[in-house]
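One letter stands for each residue in the lines below.
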Amino acid sequence: MEAKEWLLKCIRIQELVLGGIFVCRKSNMDMNLNGASSSRQSEIYIATEEWEIDLSKLRIKNVIANGTYGTVYKGVYDGQDVAVKVMDWGADGDARTAVNRASFEQEVAIWHKLDHPNVTKFIGASMGTSNLQIPSTNSDGQGSLPANACCVVVEYLQGTLKNYLMKYRHRKLPYKTVIQLALDLARGLSYLHSKQIAHRDVKTENMLLDTKRTVKIADFGVARVEAKNASEMTVLTGTLGYMAPEVQRGDPYNRMCDVYSFGICLWEIYCCDMPFPHLSFTDVSSAFFQQHLPPEIPRCCPSALTNIMQKCWSGYPENRPSMAEVVRLLEALDTRKGGGMIPEGQKSGCFCFGVPRGP
């Protein structure tokens, strides 16, 4: 009886194995048949990383911007409008290439895990590829695509916060709009800090706007997970005019450098202007860092908002509020009675600046 049961089990196992082989072969055959009409029937896309994109679904169109870290294009990925940042992957063995690759990998490692309404949505990336199809952009018909490239694909947004503010340089924004924009940025930064991420290049040029005027943080090229030991973060990173004094001096720093930069952005959002527009690059470096002179706050700025700015750009990181606290302070502001910047040329009892502003 035991021998018979053992024989039946063997037969059953054999049926399962043969059935499995047949199913596998049938699946492969179906795959081949279904893909026979495609020119890429022999190529099966297999992602090696969870964030890796299928380049066959990416179509790159026109150039949006050029920067230090690469070129940004508008494109379409799987039917969705996207922005594509393309960078030169470089040749193996080059020291600068190694640094650029490490920076790119760090950006992808941070960005692909983020999910917040005030952070630009990450779609995917590709490293070290020669398969990008980019149309020629130069008058001589030569494209600017490097032989070996890497790219980051994110949601496409219309423009930067900086460009939006410059449109209102003379007209100025209603106080309610100022606070809405500031809150969007503050909430995005608060989210990053809750993940122990320091952006390290907070400026209005790195903030994007969607069609509903929602601010979304972008460009994580120099962002990093905050070091447990502050002495590990001493690299001079960021943009003059927004950079915290401790960063400029080369002192150890932490996420509080973002709070300082936010304070400058808050001034910019309220004034719809650039800090120190009349000073040269050298003068800005001297005034802003060596003497630690923040931008002049206009007299018409409500005292509660002035207080937030001054707290954020304190010269001492330990005296700055956390971004979560900044969110609470902004949410508590009363915008019903106005308080926005006075448009240029409009008569008012508020003398905002002693020096004529703008061109």
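Here the structure is shown first, and the text comes after it.
Now for a quick tour of the structure.

Here is what the cut-offs are and how they apply
- Residues numbered from 1 in each chain as written.
- Predicted model: local features only at pLDDT ≥ 70, side-chain atom pairs only at ≥ 80, totals over all residues.
- Heavy atoms only, no water.
- Helix = DSSP H or I, 4+ residues; strand = E, 2+ residues; numbered from the N terminus.
- Buried < 20%, exposed > 50% of the residue type's maximum accessible area, 1.4 Å probe, protein only.
- Contact = heavy atoms within 4.5 Å.
- Areas by Shrake-Rupley, 256 points an atom, 1.4 Å probe, with all protein chains shown as cover.
- Salt bridge = Lys/Arg side-chain N within 4 Å of Asp/Glu carboxyl O.
- Phe/Tyr/Trp six-rings, centres within 6.5 Å; stacked < 30°, edge-to-face > 60°.
- Lys NZ or Arg CZ within 6 Å of the ring centre and 35° of its normal.
- Expected span 1.5 Å × (residues − 1).
- Pairing = 2+ DSSP bridges.

What follows covers the overall build of the chain. When its secondary structure is counted, the chain shows 9 helices and 10 strands. Counting across all 359 residues of the chain, residues that qualify as buried make up 43%. Put simply, of all contacts in the chain between residues at least 6 apart along the chain, 66% involve residues at least 24 apart. Carbon together with sulfur atoms contributes 51% to the accessible area of the chain, which is approximately 20000 Å² in total.

A separate point is the pattern of salt bridges. All told, the structure shown has 9 salt bridges when counted by the stated rule. Across the pair Lys85 and Asp219 runs a salt bridge, and its minimum N-O distance is 3.7 Å. You can see Lys85 sitting in strand 3 (residues 80–88) and its partner Asp219 sitting in the loop between strand 9 (215–217) and strand 10 (224–225), a full 134 residues away along the chain. Among the ionic pairs, Glu205 bridges to Lys203, the shortest N-O distance being 3.9 Å.

Following the criterion strictly, the structure yields 2 aromatic pairs and no others. Arranged with centres 5.2 Å apart and planes meeting at 50 degrees, the rings of Tyr164 and Tyr168 form a pair that is tilted. The cationic tip of Arg171 hangs over the ring face of Tyr168; the distance from NZ or CZ to the ring centre is 4.5 Å.

Under the 1.5 Å per step criterion, the end-to-end length of helix 4 (residues 175–194) is 28 Å for 20 residues, consistent within 8% with the ideal 28 Å. Burial of helix 4 is extensive: 16 of the 20 residues sit out of reach of the surface. Once helix 4 ends, the next one or two residues include Gln196, with phi positive near 60 degrees.

The next subject is the pairing of strand 2 (residues 70–77). A large share of strand 2 lies buried, amounting to 7 of its 8 residues. Bridge analysis of strand 2 against strand 3 gives 7 bridges, and the strand direction is antiparallel. By the bridge assignment, Gly75 is partnered in strand 3 with Val82. Here strand 2 folds back onto strand 3 in antiparallel fashion, the turn holding 2 residues, of which Asp78 has a positive phi close to 55 degrees.

Take unusual backbone geometry next. Despite not being glycine, Lys172 has its phi angle at roughly 70 degrees, a positive value. Of the residues examined, Lys172 reaches a relative accessible area of 5% and is grouped as buried.

Looking now at the environment of Ala304. Counting through the fold element by element, Ala304 comes out in helix 8 (residues 303–312). For Ala304, a relative accessible area of 37% puts it in the partly exposed group. Taking the C-alpha atoms as reference, Ala304 lies 9.4 Å from Asp334; in sequence the two are 30 residues apart.

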